[in-house]
Amino acid sequence: MTPQDSRIEVISYGKYKDHIMQRLDKLVAEDVQKRLWSKDVTLWGDHHDAQQISDSLGWLDVTAKMLDNLPELQRFTAEVRAAGFNHVVHLGMGGSSLAPLVFAETLPRSGAGLPLTVLDSTNPQSVLRVANKIDAAKTLFIVASKSGTTTETVTFMEYFYGKMREIKGDRAGENFIAITDPGSLLIKTAEERRFRRCFLNYADIGGRYSALSYFGMVPAALIGNDIERLLKGADRLAGEREDPTANPTVSAHDLGGIVGELALHGRDKLTFIAAEAISSLGLWLEQLIAESTGKEGKGVLPVAGEEPGGITDYGNDRVFVYFEFQGNRLDGELASLQELAGAGHPVIKIALTDAHDVGQEMMRWEIATAIMGWVLGINPFDQPNVQESKEISRRILNSAIKRGTIPALENSKEKVLLDVASPTLEEDLFEFLQGVNEGDYFAIQAYITATRETDAALAQFQRELRDRFRIATTVGYGPRYLHSTGQYHKGGPNKGVFIQLLETPTQDVEIPGQEYSIGLLFNAQAQGDLEALLNHQRRVVRVSLGSDSPAGLLRLIEALSKASAEAGT
């Protein structure tokens, strides 16, 4: 058995083995694996946009293309080092930023590599924190956007370009490169501002499937990683493309069939448990799976970053995927895999022997997610509800620019605005939580500054919710989650219970040449998503935490404890 063959193991199918075997037999009978690799758009049904799907399948052969482009990337990284840069800041959102974030936090940096910071938050404090920690004159800024019009990315670009103009004047563009698609408006901007380089990606690759394209490989190369090793690891899955029996254990296609079939039987909370060294992979998986499958009232909800619990903390809607890294297992309160299996939960184990294996995992899960779409009968390559929230946020922002303040919430027939300083917080929270049912999930949407303190407080709040209600619980910082799980929130099953957390900002950041500040954009995005959730009849509440988010969260946790006691949970 080759190392590839031993990497993935199904420890337990639960009580669903017969159904899963029938699904895998159907996968073979309908030649699904061959049809995927031949880019057969009918795989996902005739009722979907065939041209849109056809224009989204370039990720299937991108590893070979990028391996051919290795000399180009190596020359560019050498040029950047020779120019004296000592830091890289990646400006992007969603599919343009999550893979670089994984590479920055997971892959080892060589001595010649540059530290990489990913900025994907319009929280003013987060922007200022990045600005204050770098030497801008020696920083290379990557502006990454497929369309070149992504609001957050354009905002970041304008802010830092303005900073560089103050330092280098007309030569400010020397500190910028762009990664975008052919025909993008960003190309013109890069030309006019004389950016150091503009990488044109392959137009037939969607954002969340772009990790192994220029969008991921340029920042990975600048870190100083062995991207040839990263790409070749992913390209090993091409063996399944040539020979459906190449992997005698569980292929990536089988994995998608298994997860998709389990979702049809109510096991639709795909729970990832990973060692800290590779935990950021969960953020990337969240976007890939949630945005790809969460539509038409269907979907698989990825649950990443939830602290492991005991057997009694989980409902009967879970599937567990355990990532073992370099033979190390998680310590602490993790119920053993055999205990989870013994309790009837489906359990899958994936072993990574090296950090560069994340490239292979990205390709594995891209294949699996495409197959989940086949099982669920949905198009895994569109995101119909993402644009909706963007348009609402843009309308709110335009109104705020004219009026100087965010307009009042629309569609607020129910009480959805709470405050941790309110004397009725416990009562209001109790009323909201009465509608929580088995099979639901909590989505904590944190429009607050990300710090170690807020991370810890959010983890505690998440744990309290999970343990008290025994339902899956997710956490996402805004506006990042809008580009990841946001599609699932509106287009997936109506099982979400949404808690939006908002802080009172203490600072704001003006943007050169723009009519709005970063803080105004941040608040418009929060309000826009709140309205979008209400438009889709989702259960949602906003809690204002005040200016001290960790303290506000502790007050909220205290109120949750009292409200839960009232509810008898």
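Quick caveat, the model's predicted, so the values are computed rather than measured.

A.B. asks: Let's hear about the sheet that holds strand E6 (residues 197-200): which residues, and what values?
C.D. replies: Taken together, five strands build an open sheet; the order of strands is E3-E2-E4-E5-E6 and the sheet is parallel. Looking along the sheet, the strands with just one partner apiece sit at the ends: strand E3 (116-119) and E6. Within this sheet the neighbouring strands show an average axis-to-axis angle of 20°, counted without direction. Lying over the sheet, helix H5 (residues 70-82) contacts strand E4 (139-144), strand E5 (176-180) and E6, oriented at roughly 160° with respect to E6. Lying over the sheet, helix H7 (residues 124-133) contacts strand E2 (87-91) and E3, oriented at roughly 155° with respect to E3.

A.B. asks: Tell me what's going on with unusual backbone geometry, and back it up with residues and numbers.
C.D. replies: The omega torsion across Gly478 and Pro479 is 0°, close enough to zero to call that bond cis. When you line up the elements, Pro479 lands in the loop between strand E13 (472-477) and helix H20 (486-491). A positive phi angle, near 55°, is found at Glu296, a position not held by glycine. Classification of Glu296 as partly exposed rests on a relative accessible area of 47%.

A.B. asks: Describe the layout of surface pockets, and please don't skip the residues or the numbers.
C.D. replies: Its boundaries defined by the atoms lining it, the second largest pocket holds a volume of some 860 Å³. Looking at the second largest pocket, it is lined by 39 residues, and the ones nearest its centre are Thr150, Gln383, Val386, Lys390 and His483. For the lining of the second largest pocket, the secondary structure elements donating two or more residues are helix H8 (151-168), helix H14 (281-293), helix H17 (386-403) and helix H21 (518-535). Here the lining of the second largest pocket gets eight residues from one element, more than from any other, and that element is H17. When the residues that make up the lining of the second largest pocket are grouped by side-chain class, the tally is 10 nonpolar, 20 polar and nine charged.

A.B. asks: Go over the nonpolar core with me, naming the residues and quoting the values.
C.D. replies: By size, the foremost hydrophobic cluster in this structure holds 97 residues, and its most contacted members are Trp59, Phe103, Met217, Trp284, Phe323 and Trp365. Counting residues per element, this core draws most heavily on helix H16 (residues 357-376), at 12 residues. Not counting the four nearest positions on each side in its chain, Trp365 is found in contact with Leu255, Leu270, Phe272, Trp284, Leu285, Leu288, Ile289, Val321, Phe323, Ile350 and Met372. Core analysis: the second largest hydrophobic core is formed by 35 residues, Val143, Ala178, Ala190 and Tyr516 among them.

A.B. asks: Could you give me a rundown of the sheet that holds strand E1 (residues 8-12), with the residues and numbers involved?
C.D. replies: Adjacent strands of a sheet pair through backbone hydrogen bonds, lying either parallel or antiparallel. The sheet built from five strands is open, its strands ordered E1-E10-E9-E7-E8 with mixed pairing. Of all the strands in the sheet, the pair left with one neighbour each is E1 and strand E8 (301-304). The mean inter-strand angle of the sheet, taken between neighbouring strand axes irrespective of direction, is 25°. Here E1 pairs with strand E10 (residues 347-352) via four bridges, running antiparallel. Looking at the pairing, Val10 lines up with Ile348 of E10.

Conventions used here
Residues numbered from 1 in each chain as written. Predicted model: local features only at pLDDT ≥ 70, side-chain atom pairs only at ≥ 80, totals over all residues. Heavy atoms only, no water. Pairing = 2+ DSSP bridges. Helix = DSSP H or I, 4+ residues; strand = E, 2+ residues; numbered from the N terminus. Axes fitted to C-alpha atoms, helices over the stretch in contact; angles between N-to-C directions. Contact = heavy atoms within 4.5 Å. Buried < 20%, exposed > 50% of the residue type's maximum accessible area, 1.4 Å probe, protein only. 1 Å grid on protein atoms, 1.4 Å probe; cavity = no way out; pocket = protein on both sides within 12 Å on 5 of 7 lines; lining within 4 Å. Points joined across faces, edges and corners; volume = space filled by probe spheres on them. Nonpolar A, V, L, I, M, F, W, Y, C, P; charged D, E, K, R; others polar. Core = buried A, V, L, I, M, F, W, Y, C linked by side-chain atoms within 4.5 Å.

It is worth stressing that arrangement in space is one thing and function is another; only the former is reported here.
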